[in-house]
Amino acid sequence: MDRIVYDRMAAHDSTHWWYRARRDILSDYLTRYGALPKDARILEIGCGTGHNLPMLASFGEVDAIEIDPAARAIASERLGRPVGDAPLPDLPGVARGSYDLVAVLDVVEHIEDDVAALKGMASLLKPGGKILIAVPAHQWLWSAHDVVNHHHRRYSKASLVKAIAAAGLAPRKLTYFNSLLFPLAAAARIAGRLTGRDDSDDSPPAKPLNALFEKIFRLERHAVGRVPLTPGVSIVTLAEPN
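Residues numbered from 1 in each chain as written. Predicted model: local features only at pLDDT ≥ 70, side-chain atom pairs only at ≥ 80, totals over all residues. Heavy atoms only, no water.

Novice: Residue-level account of helix H4 (residues 69–79), with values.
Specialist: Taken together, the buried positions of H4 are Ala71, Arg72, Ala75, Ser76 and Leu79. Here the buried residues of H4 occupy an arc of 140° about the axis, which is enough to place them on one side. A distance of 3.3 Å separates the backbone nitrogen of Ala70 from a side-chain oxygen at the start of H4, and that oxygen is part of Asp68. Directly after H4, the chain includes Gly80, whose backbone phi takes a positive value near 90°. (Buried < 20%, exposed > 50% of the residue type's maximum accessible area, 1.4 Å probe, protein only. Helix = DSSP H or I, 4+ residues; strand = E, 2+ residues; numbered from the N terminus. Arc of directions from axis to C-beta. Polar contact = N/O pair within 3.5 Å; in protein donor to acceptor, adjacent residues only side chain to side chain.)

In structure tokens:
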């Protein structure tokens, strides 16, 4: 990702509506469907500045990997111990068969060979282990945001299922989320193209609007995985070895 993306993440990951509500949604989703043991070993790959680590730590003992040095330093401080730098898909030095959960939250779209990356993640799982995957949805929503984040693709449900299956995995509870705000996001992307003002700035809006968006997005926490959601900005699933 461009340096500015990590800088914005570090500045806003504790206040931006998207980060805050998304953590709560993923926490509820894992509580309902993760079926993790009490002493679960968890690895987040591509942890960025580490803003998801406290949430994941509520489910077990967490390790993390981040290849960007500056983001890794922030994440290490948050984790309280060094964060690794092993790259996908080979993940050199990471013990195989050691984790109950591998979390890749808006990571897979950054990797050119997503199937090889998923195979590498699968090799880290204990028997019964799972991969928590969240990715951006809908290729037609491609924008400057995807460019500065160095995305290779956005996913449809079908394309994500295809990649997961090619890696020898099966998706569970695959669903859209960030659906309530999807019409607004789609309108903003279309307007940006029509006006030539496609902006990659994802800084939080004014405080009242930030609070409103957070409240609306967080409403989905009780629905994700339970009921079919309309198309959303993102897709989430738990992938398990066949």
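Novice: Lay out the nonpolar core with the relevant residues and their values.
Specialist: Counting 33 residues, the largest nonpolar core has Leu56, Leu132 and Phe177 as its most contacted members. Sort the elements by how many residues they give to this core and helix H2 (residues 17–33) lands first, with seven residues. Dropping the residues within four chain positions of it, Leu56 is found in contact with Leu30, Ile42, Glu44, Val62, Leu101 and Ala103. Counting 31 residues, the second-largest nonpolar core is a separate cluster that includes Val102, Tyr155, Ile235 and Ala239. (Core = buried A, V, L, I, M, F, W, Y, C linked by side-chain atoms within 4.5 Å. Contact = heavy atoms within 4.5 Å.)

Novice: Provide a residue-level description of the pattern of salt bridges, including the pertinent values.
Specialist: The full count for this structure, using the stated rule, is 14 salt bridges. One salt bridge connects Arg22 with Asp106, and the closest N-O pair in it is separated by 2.6 Å. Of this pair, Arg22 sits in helix H2 while Asp106 sits in the loop between strand E3 (99–105) and helix H5 (114–122), and the two are 84 residues apart along the sequence. Summarising the burial analysis for this pair, Arg22 and Asp106 share the class buried. A salt bridge links Arg172 to Glu240, with the shortest nitrogen-to-oxygen separation between them at 3.1 Å. Taken as a pair, Arg172 in strand E5 (residues 169–177) and Glu240 in strand E6 (residues 234–241) lie far apart in primary sequence, 68 residues in all. (Salt bridge = Lys/Arg side-chain N within 4 Å of Asp/Glu carboxyl O.)

Note that every value here comes from positions in space, so none of it alone points to a role or purpose.
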